[in-house]
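Geometric and topological summary
In case you want the letters, here they are:
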There are 2 protein chains.
Amino acid sequence: MATAQANAADVVVVGAGFAGLTTARELVAKGRSVIVLEARDRVGGRVLVQPIGNGQVVDVGGQWTGPGQDRILALAGAVGVESFPTYGAEAQHMQYRDGALASYSGPVPDTDPALLTEFVGTIQRLDEMAAEIPTEAPWTAPHAQEWDAQTFQGWMDANLTSDGAKAFMRTVIEAVYAVEPHDVSLLYMLFYARAGGGLMYLTGTEGGAQQDRFDGGAQLVAIKVTEELGERVRLSAPVRRISQDASGVQVDGDGLSVRGQRVVVAIPPTLAGRIEYRPAMPTLRDQLTQRTPMGSVIKANAIYDEPFWRLEGLSGRAVSDTGPVKFTFDNSPRSGGPGVLVGFIEGGDARRFSSATEAERRQAVLGCFERYFGPRAAKPRKYIERDWSAEEYSRGCYGAVFPAGTLVSCGAALREPVGRIHWAGTETATASVGYMDGAVQSGERAAAEVLALLN
Amino acid sequence: MATAQANAADVVVVGAGFAGLTTARELVAKGRSVIVLEARDRVGGRVLVQPIGNGQVVDVGGQWTGPGQDRILALAGAVGVESFPTYGAEAQHMQYRDGALASYSGPVPDTDPALLTEFVGTIQRLDEMAAEIPTEAPWTAPHAQEWDAQTFQGWMDANLTSDGAKAFMRTVIEAVYAVEPHDVSLLYMLFYARAGGGLMYLTGTEGGAQQDRFDGGAQLVAIKVTEELGERVRLSAPVRRISQDASGVQVDGDGLSVRGQRVVVAIPPTLAGRIEYRPAMPTLRDQLTQRTPMGSVIKANAIYDEPFWRLEGLSGRAVSDTGPVKFTFDNSPRSGGPGVLVGFIEGGDARRFSSATEAERRQAVLGCFERYFGPRAAKPRKYIERDWSAEEYSRGCYGAVFPAGTLVSCGAALREPVGRIHWAGTETATASVGYMDGAVQSGERAAAEVLALLN
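None of these values were measured; they are calculated from a predicted model. (Residues numbered from 1 in each chain as written. Chains lettered and ligands numbered in written order. Predicted model: local features only at pLDDT ≥ 70, side-chain atom pairs only at ≥ 80, totals over all residues.)

1. What about the overall build of chain A?
The cut-off we apply is this: Put simply, DSSP H or I for four residues or longer makes a helix, DSSP E for two residues or longer makes a strand, and each gets a number counted from the N terminus. Throughout, the radius of gyration refers to the C-alpha atoms, and the reference size of a globule is 2.2 Å times the residue count to the power 0.38. The exposure scheme places C-beta atoms from the backbone and then counts, for each residue, the other C-beta atoms within 10 Å of its own, assigning buried at 20 or more, exposed at 12 or fewer, and partly exposed in between. Think of it this way: build a C-beta for each residue from its backbone, and any pair within 7 Å is a contact.
Of the regular secondary structure elements, chain A holds 16 helices and 19 strands. Relative to a compact globule of 455 residues, whose C-alpha radius of gyration would be 23 Å, chain A shows 22 Å and is just as compact. In terms of overall dimensions, chain A has C-alpha extents of about 65 × 55 × 40 Å along its principal axes. Sorting the 455 residues of chain A into buried and exposed places 59% on the buried side. Looking at chain A alone, contacts between residues at least 24 apart form 74% of all its contacts between residues at least 6 apart.

See the structure below:
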């Protein structure tokens, strides 16, 4: 078994997000020795909590799960972390559109019937198209070439008639992919939707991907897994070089060097491309890392003495056509206090606001909160933000996106091992791609892949 | 003046291609101290020669220049390297289309008049569209959003009627950009064409961007500049980390550490993204490096005892609709002997053939040469190939391309300095982008930018 002093193991894992941690956990369960190298001084990757006093925390990274995301739920269950419903199923939600505020209930904001019909019809049509895409190899879909050659913006321009429907779909792309419709190919957009359970599921709360949260925060699951793994996990250990030869791999980082039979690189492609490889990566793999940028998200939590909106019969959820915050949720701890509103700045807005000052962002965010929930929302006792694009070891969220042309050209390199180097991470999943659940799936797959090849 | 032992200079330059060398040369001319760090054991970047015996060389990287590319011509003149015309202006060229071989003369292959009309009309229309794009800031063009939201493939599908015209345009994209039409946005394609002097110029030989070659090879210009710079240029010095604070920059590489007031990073964005920065890069700059992949080219030279095609009245040029080699040129030394045919595998073909064996590539390349020039072409005395995507410190050629959505989202970060870090490289040029001439322009601009800020 690896100890803190060990400099060799059967498998070296790069990255202690859910993909890397799951890989390690699976391998250890089979009696294999593992060393996990994590660049940051913490585990969890794109999943992170921050304390808000009295022993409570708030999620500042990935946080939601939904029905059918069985792998992350099983992992959480295995380490004793419970999930609980996102607040507000029975309450009124707010919508802000064309300069007017209104409340609504149920899954879809009230709107004029013609627009709603076009929007729902569009979602159905896209989900039908997505149904022909094999999630194991979307580049082999019958219309792969045609759909990868166009951006989703191009598809909208050619297929949607009303500006309202385009605006709705833009909001969906920003909310789910954290990019603008021109940033992603139609094929990738459809593949991701299919892998995740459809656009209605991905945008939904009750019955959808935002249904449940983890008590103590999603990072608690990663922390508990890390406690199991003990000294196998090494923090503040950024990997700089991976060398391989017939006998094994050597992984070098700042002040460290470990050896293994194989290595699993469990970080997004764009970050994997920043590692030096000996020998260098083959063309297709390198091209993949050159052209799979991360989405852009700034997540902002405002902490209040109490969830005052609940007293007014409100859910804390808002959808808006006016940024920078176009979505909010009640993000209070399970206990119900303190009150927390969370809002997201996504896509182009996130890129722009990334170069603003924190004071400017705070003002813009709280301005949105106030617009949706009144003057009390403008005066939180604490404001906590996280710009995931500025995080050196994420460089964006929620996940990688594939611009036009990329999935067909380079998709096959996503999971293809390069000698003794294997790939994990939610970007390599075939279900729940981009979600914690996909990260766990990728770790299970990578562990099985490596196990079959170990001496 | 910097010496081999110096560990500090006014300016540190990363990369000894034409951009970095020009930056250094301009700064030295103004009396500034410079250290140039080059990852490879040679200078020239994407420009390289290889010996073919008897003191002669063949270009295996960038090699051509044309009228109006005054900066590279001036630099060559300054260091005493002459240019000479590409062979074959008066000879017959070959074309292979729909399985048939034919010869033609002049700039455009013979084809049926309707197709020719559509093709020429398309080029004219694209050049007219390109005329509205300001090369200093293409993201501000009147139709920037619309044109960046679509791939060039999407534009072709919507605007070209005949398969023949689409096939012609595909060949243009492969030849000029080394990618497929779905890999590049309409806006970037037009910007690059405008910056380079128009599509007819970029695809042309006499009067175009393939008009002239350098006697002794294009790398000779870089080598001569390096001789002037002397020990300021340090080879085999890959840069791994750039740190900056209020007092200056520190540049760390494998076994080296140098300091300067400022640093000019003169490598393509995707490679610049692999350097670690302290502090980390701002979001937009990092996003740029995540989404500007290099094109894909394999360049193959076949050496014969003599340029036998010349004796048959042929130029050695072929255009073909059938890959993997769709273009050839006579690449014999200025003296006319030995005979050299050069062919290009580009875009998708290059990505595919990158994972073939050299024997498979050789067979495929020589098969094409034989198809165009007969059985003697199948039996060279030497075969020399270079897969630029496999080169660790280029990772593709001819240059970076911008997929849909990227130029509008991230283009502004191309030249914007980040504190004491400045950017050069042909990708940052506003004229002859992607060409040696653009690299020189970028070096001149970066040197002027830095000079204005030095103590």
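2. Some thoughts on the domain arrangement of chain A
Residues and elements named next belong to chain A. Keep this limit in mind: The split into domains, and so the bounds of each, comes from an automatic or database assignment of domains. Each residue is assigned to one class: nonpolar for Ala, Val, Leu, Ile, Met, Phe, Trp, Tyr, Cys and Pro, charged for Asp, Glu, Lys and Arg, and polar for all the others, Gly among them.
Partitioning chain A into structural domains gives domain 1 (8-45 + 219-291 + 406-451), domain 2 (49-90 + 208-217 + 297-387) and domain 3 (108-203). Between the C-alpha centres of domain 1 and domain 2 there is a distance of 30 Å. The interface of domain 1 with domain 2 comprises 14 residues on the first partner and 16 residues on the second. Of all the secondary-structure elements, those providing two or more residues to the side of domain 1 that touches domain 2 are α9 (219-229) and α16 (436-451). Classifying every residue of the side of domain 1 that touches domain 2 gives six nonpolar, five polar and three charged.

3. Re the interface of chain B and chain A
On the side of chain A, 36 residues touch chain B, which itself brings 36 residues to the contact. Broken down by secondary-structure element, the contributors of at least two residues to the side of chain B that touches chain A are α5 (152-159), α11 (283-290), α13 (348-353) and α15 (406-410) of chain B. Ranked by residue count, the leading element in the side of chain B that touches chain A is α11(B), at five residues. Of the residues belonging to the side of chain B that touches chain A, the class tally is nine nonpolar, 18 polar and nine charged.

4. A word on helix α14 (residues 358-373) of chain B
Residue and element names in this part refer to chain B. To be explicit about the condition: One fewer than the residue count of a helix, multiplied by 1.5 Å, yields its expected span. Arc definition: it is the arc formed by the directions from the helix axis to the C-beta atoms.
Here α14 spans 22 Å end to end across 16 residues, near enough to the 22 Å set by a 1.5 Å rise per residue. Buried within α14 we find R361, V365, L366, C368, F369, Y372 and F373. Taken down its axis, α14 places every buried residue within 150° of arc, on the same side. In this structure, α14 carries A359 and E360 as exposed residues pointing more than 90 degrees from its buried face. At the exit of α14 stands G374, carrying a positive phi of roughly 90°.

5. Thoughts on the relation of the copies chain B and chain A
Where we set the bar: The copies were overlaid by least squares, fitting only the C-alpha atoms of residues that reach a pLDDT of 70 or more in each copy.
Each copy superposes on the other: chain B lies on chain A with an RMSD of 0.0 Å after a rotation of 180° and an axial shift of 0.0 Å. Expressed as an axis order, the relation between the two copies is that of a two-fold axis.

6. Observations concerning the packing of helix α2 (residues 70-78) of chain B against helix α16 (residues 436-451) of chain B
All names here are of chain B. As a reminder, the rule being used: Each axis is a line fitted through C-alpha atoms, and for a helix only the stretch in contact is used; angles between axes span 0 to 180 degrees, taken between their N-to-C directions. Roughly parallel refers to an angle under 35 degrees, roughly antiparallel to one over 145, roughly perpendicular to one between 65 and 115, and oblique to any angle outside these ranges.
At a minimum axis distance of 7 Å, the contact between α2 and α16 shows a crossing angle of 80°. For the element pair α2 / α16, the angle class is roughly perpendicular. Residues R71, I72 and L75 of α2 touch α16, and the partners they reach there are M436, D437, V440 and Q441. Residue classes in the contact of α2 with α16 are distributed as four nonpolar, one polar and two charged.

7. What about the nonpolar core?
The nonpolar side chains of soluble globular proteins are, as a tendency, buried together. What counts, and what does not: Note on definitions: a nonpolar core is a set of buried residues drawn from Ala, Val, Leu, Ile, Met, Phe, Trp, Tyr and Cys, linked by C-beta atoms within 7 Å.
Of all hydrophobic cores here, the largest spans 140 residues; its most connected members are V12(A), V14(A), L187(A), L190(A), V263(A) and V264(A). Apart from the residues within four sequence positions on either side, L190(A) is in contact with L126(A), M129(A), A130(A), I133(A) and W147(A). Grouped together as the second largest cluster of nonpolar side chains are 139 residues, L126(B), L284(B), F329(B) and V401(B) included.

8. Concerning unusual backbone geometry
With an omega of 5°, the peptide bond running from G323(A) to P324(A) counts as cis. Here P324(A) is to be found in the loop between β15 (314-320) and β16 (327-330). Between C397(B) and the following residue, Y398(B), the backbone shows a cis peptide bond with an omega angle of -5°. Along the chain, Y398(B) falls in the loop between β18 (382-387) and α15. Even without being a glycine, N54(A) presents a positive backbone phi close to 55°.

9. Here's the deal with the sheet that holds strand β18 (residues 382-387) of chain A
Residue and element names in this part refer to chain A. The condition is simple: When DSSP finds two or more bridges between a pair of strands, those strands are recorded as paired.
As summarised here, the arrangement of the seven strands in space is β7-β6-β15-β16-β17-β14-β18, forming an open sheet in which the pairing is mixed. In this open sheet, the two strands that pair with only one neighbour each are β7 (100-104) and β18. The mean inter-strand angle of the sheet, taken between neighbouring strand axes irrespective of direction, is 20°. One ladder, built from two bridges, connects β15 with β16; its direction is antiparallel. Residue pairing across strands places V319 opposite F327, the latter belonging to β16.

10. Some remarks on helix α3 (residues 113-130) of chain A
Residues and elements named next belong to chain A. Compared with the 26 Å implied by 1.5 Å per residue over 18 residues, the 25 Å span of α3 between its first and last C-alpha is a close match. If you check which residues of α3 are buried, you get F119, L126 and A130. Down the axis of α3, the buried set is contained in an arc of 40°. They therefore lie on one face. Structural note: α3 exposes P113, A114, T117, G121, R125 and E128 on the side pointing more than 90 degrees away from its buried face. The inward-facing, buried residues of α3 contact α6 (163-177), α7 (186-196) and α8 (199-203).

11. Some remarks on the sheet that holds strand β15 (residues 314-320) of chain B
Residues and elements named next belong to chain B. One open sheet accounts for seven strands, arranged β7-β6-β15-β16-β17-β14-β18; its pairing is mixed. The open sheet has two edge strands with one neighbour each: β7 (100-104) and β18. The mean angle between the axes of side-by-side strands here comes to 20°, regardless of whether they run parallel or antiparallel.

12. Digging into the packing of helix α1 (residues 18-29) of chain A against α9(A)
Residue and element names in this part refer to chain A. Worth spelling out the cut-off: Two helices cross in a left-handed way if the nearer one is turned anticlockwise from the farther one by less than a right angle. They cross in a right-handed way if the turn is clockwise.
Relative to each other, α1 and α9 sit at 35°, their axes nearing to 10 Å. For the pair α1 and α9, the sense of crossing is left-handed. Across the interface between the two elements, F18, L21, A24, R25 and V28 of α1 pack against A222, V225, T226, E228 and L229 of α9.

13. Examining the environment of D41(B)
Residues and elements named next belong to chain B. Mapped onto the secondary structure, D41 falls in the loop between β2 (34-37) and β3 (49-53). Assessed through the 8 C-beta atoms surrounding it within 10 Å, D41 is described here as exposed. C-alpha separation for the pair D41 and R170, spaced 129 residues apart in sequence, amounts to 36 Å. For D41, the residues in contact, after removing those within four places along its chain, are L235 and S236.

14. Remarks on the environment of M129(A)
All names here are of chain A. Within the fold, M129 resides in helix α3. With 19 C-beta atoms packed within 10 Å, M129 lands in the partly exposed category. Distance in space between the C-alpha atoms of M129 and L73 is 29 Å, their sequence separation being 56 residues.

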